[in-house]
Amino acid sequence: MANFAQFNLSKEMVSALEKLGYKEPSPVQGKVIPKALRGDSILCQSETGSGKTHSYLIPILDRLDLNLPRLQAIVICPSRELARQVYDFAFALSKYFPKLKVRLFTSSEEKSENEQGLSIAPQLVIGTPGRLKDLLAEDYKLNLRGVKTLVLDEADMLMDMGYFEDIDALRSLLREDLQVMVFSATLEQGLKEKLRKYAGSDFLYEGEENKSSGNVSHHLIDIKHVGKNEALIRFLKIRQPYLALVFASKKEDVNSAYASVKEAGYSAVLFSGDLQTRERRKTIRMIKENRYQVVVCSDLLSRGIDIEDVTDVISLDLPNDLTYYYHRAGRTARFGKSGDSWIFYDDDSTKLPLTLIQQGVKFDFSILRKEGLESDPVGLLPKTKLKKKKAFEDPEEAKEIKIAKARTRVDKVKPGYKRKQKWAVEKVKNKYRRKAIKKKIRANLHGKSE
C-alpha cells in the first residue's frame, strides 16, 4: 500500500500528515511530490478534488529552511477564497513545525494588516496576484532573493482574468533558476503549451481524462419551457438534496434564483462577487459547517473550493466557457464520495449540452414533471412524431396490426367496439414507434445509421 513515508520526506512531515489523517497519497501526489522535492519545475493538469494543493504544499514545506527567517516560496491563487483555502491547509500543517511562519496576502482592504508583522519574514506567502505585486514588487516589503519556488494555482483562471501582467512583474524580481509549479484542473492545448514554456517545465503531469471526478453522475433535465426559478423549486421539492450548489451564469439570474429559493422556505445563502471580503469569508465558513441546504452562487464558487458534503450541483444554465461546467460539477463527489450534477435545458438551449456530449460527458435524460422526474428516452433529439409511412414500414408491425384488428372484431356491432379496436391498433403502433426512436437514438450516438 502506498504511503507518504515512501517519499523522501522528513520524519516530521510524515508524522504531521498522519496526525492530520493523510495516509495514502493520491495518484497526482504520487507523481508530483517526488519531482517537486527534487526542485523540478512542473506543469500539472488533474481533475478537481484529486489532491493538487497538497501536491505542492507538502514538498514546499518540507524543503523550507525553517532556521532561516527569509521568504522562500510564493503561492499565487486567482481568488481570495482559493488563497484562504490554501492558507488554511498550510496553517494546519504549520502547527507541527514551530519555526514555520506562513502569511496570507489578499484584498486591498487588508493592506495595512498585511504589512504588519513583516519585521520577521515568513518563509511562505500565499495570496492573490494584485496584492502580492503591491507588497512584494512595488512596496518591497520582503526580500525576494531567497525565493526558490513559485506556484501558480488554477493557472487557466489566472490567465483568463488577466493576472499575468502582475505575475510577470513579480517573476522578474525572482532568481533565474526558480522552481515554477503550475497547477490546474483544465488546460486547453494552446494554453498548456504557453504555460509549459512559462514554467520552463521539466515534468508534465496530465491526470485522468475526466475533467471532473469520475464519481460524478451527470444528468440533463428538460424543464419544458417552465421558468428556471419555478423549475428549480419543483426540482428541490422532488430531490430534497442534503447540500445543493445552484449555479447561474448571470448575476441577475443568481439573485433571482436566490430570492425564489428563500421565498419557498429553504435554508439558503447567496454567494457572489458582490459580497464584501468579510461576508465572503463568513459565508464560506458557514457553508462548510453545513448551515444551509441550498447555496445559490456565481461561478466564483466553482473553482477549487473544498466543501465536503455537496450532494448535488444544479446548473440553471451552462456557461459559454464549458470548462466552468467541469469546475461546477467538481464541487461534488470530492474526497472519494459520489455526487450528482444536474443541468436544466429546453428545446432552445441544446447547443451547449450537445457540445458536452461530444466532449465525452455521459448523461442520462429526464423530463421535469410536477409529480417527479420522468425518464426521457429521446433526450436531446427533437421530440416530434416520426412520419408513419417512412418510420414504421415494418412487416412485423403490419402483421401485429392485422392480428389486433382480428381480435377486436365482433360478429354483431356493439357500442364502443371501434374504440377498442383503435386502442388495440394504437398500442401496436406505439410499440413500434418506441423501437424506431430507440434505433434513431443509437444511430445518433454512434454517428451512423443502422
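Coordinates for the structure precede this section.
None of these values were measured; they are calculated from a predicted model.

Caption draft 1: Spotlight on the packing of aromatic side chains. Scanning all chains against the criterion turns up six aromatic pairs. Summarising the aromatic geometry, the rings of Phe 235 and Phe 344 are spaced 5.8 Å apart at their centres and angled 75° between planes, so their arrangement reads as edge-to-face. Of this pair, Phe 235 sits in helix H10 (residues 228-239) while Phe 344 sits in strand E13 (residues 339-345), and the two are 109 residues apart along the sequence. For Phe 235, a relative accessible area of 0% puts it in the buried group. Exposure remark for Phe 344: the relative accessible area of 4% places this residue in the buried category. What links up through ring pairs into an aromatic cluster is the set Phe 235, Trp 342 and Phe 344.

Caption draft 2: Inspection of the sheet that holds strand E14 (residues 363-369) at higher detail. Taking strand neighbours across the sheet as the criterion, the eight strands line up as E10-E11-E9-E12-E13-E8-E14-E15 in an open arrangement whose pairing is mixed. Looking at the sheet topology across the chains shown, the edges are occupied by strand E10 (268-271) and strand E15 (372-375). The mean angle between the axes of side-by-side strands here comes to 25°, regardless of whether they run parallel or antiparallel. Where strand E9 (residues 244-247) meets strand E11 (residues 294-297), four bridges bridge the pair, whose relative direction is parallel. Within E11, the position partnered with Phe 247 by the bridge is Cys 297. Sitting on the sheet, helix H12 (residues 277-288) is in contact with E10 and E11, with an inclination near 140° to E10.

Caption draft 3: Structural context of the pairing of strand E1 (residues 42-45). Of the two faces of E1, the one holding Ile 42 and Cys 44 and the one holding Leu 43 and Gln 45 are both buried throughout. The pairing of E1 with strand E6 (residues 179-184) spans four bridges and is classified as parallel. In the sheet register, Cys 44 faces E6, and the bridge partner there is Phe 183. Sheet analysis places E1 next to strand E7 (residues 203-206), joined by four bridges and oriented parallel. For Cys 44, the partnering residue across the bridge sits in E7 and is Tyr 205.

Caption draft 4: The sheet that holds E1, seen in detail. Ordered in space as E3-E4-E2-E5-E6-E1-E7, the seven strands form an open sheet in which the pairing is parallel. Strands with a single pairing partner mark the edges of an open sheet, and in this sheet they are strand E3 (102-105) and E7. Across the sheet, the axes of successive neighbouring strands diverge by a mean angle of 10°, strand direction being ignored. Relative to the sheet, helix H6 (residues 129-138) contacts strand E2 (73-76), E3 and strand E4 (124-127), its axis offset from that of E2 by approximately 145°.

Caption draft 5: Just helix H2 (residues 27-37), in detail. Restricting attention to buried positions, one finds in H2 the residues Val 28, Gln 29, Val 32, Ile 33, Ala 36 and Leu 37. On an axial view of H2, the arc spanned by its buried residues comes to 125°, and they lie on one face. Taken together, the buried residues of H2 touch E1, helix H3 (52-63), E6 and E7. The positive-phi residue at the C-terminal boundary of H2 is Gly 39, with phi of around 90°.

Caption draft 6: Main features of the pairing of strand E12 (residues 312-315). What you see with E12 is no split at all: Asp 312 and Ile 314 on one side and Val 313 and Ser 315 on the other are buried throughout. Here four bridges tie E9 to E12, and the two strands are oriented parallel to one another. Within E12, the position partnered with Val 246 by the bridge is Ile 314. Sheet analysis places E12 next to E13, joined by four bridges and oriented parallel. Note that in E13 the partner of Asp 312 across the bridge is Asp 340.

Caption draft 7: Structural detail: the nonpolar core. Leu 124 and Ile 126 are the most contacted members of the largest nonpolar core, which totals 59 residues. Top element by residues in this core is helix H4 (residues 80-94). It accounts for seven residues. If sequence neighbours within four positions are ignored, Leu 124 has contacts with Leu 57, Ile 60, Leu 61, Leu 64, Leu 71, Ala 73, Ile 74, Val 75, Ala 90, Lys 101, Val 102 and Arg 103. With 30 residues, the next largest nonpolar core counts Ile 76, Leu 136, Val 182 and Leu 195 among its residues.

Caption draft 8: Region of interest: the pattern of salt bridges. According to the stated counting rule, one finds 17 salt bridges in the structure shown. The network of salt bridges with shared partners includes Lys 228, Asp 299, Asp 317 and Arg 328.

Caption draft 9: The arrangement of the environment of Ser 302 in detail. With respect to the secondary-structure elements, Ser 302 resides in the loop between E11 and E12. For Ser 302, a relative accessible area of 0% puts it in the buried group. Between the alpha carbons of Ser 302 and His 327 there is a distance of 5.2 Å; along the sequence they are 25 residues apart. Apart from the residues lying within four places of it in its own chain, the contact partners of Ser 302 are Phe 247, Tyr 324, His 327, Arg 328 and Arg 331. There is a polar contact of 2.6 Å between the side chain of Ser 302 and the backbone oxygen of Asp 299.

What counts, and at which threshold
- Residues numbered from 1 in each chain as written.
- Predicted model: local features only at pLDDT ≥ 70, side-chain atom pairs only at ≥ 80, totals over all residues.
- Heavy atoms only, no water.
- Phe/Tyr/Trp six-rings, centres within 6.5 Å; stacked < 30°, edge-to-face > 60°.
- Helix = DSSP H or I, 4+ residues; strand = E, 2+ residues; numbered from the N terminus.
- Buried < 20%, exposed > 50% of the residue type's maximum accessible area, 1.4 Å probe, protein only.
- Pairing = 2+ DSSP bridges.
- Axes fitted to C-alpha atoms, helices over the stretch in contact; angles between N-to-C directions.
- Contact = heavy atoms within 4.5 Å.
- Arc of directions from axis to C-beta.
- Core = buried A, V, L, I, M, F, W, Y, C linked by side-chain atoms within 4.5 Å.
- Salt bridge = Lys/Arg side-chain N within 4 Å of Asp/Glu carboxyl O.
- Polar contact = N/O pair within 3.5 Å; in protein donor to acceptor, adjacent residues only side chain to side chain.

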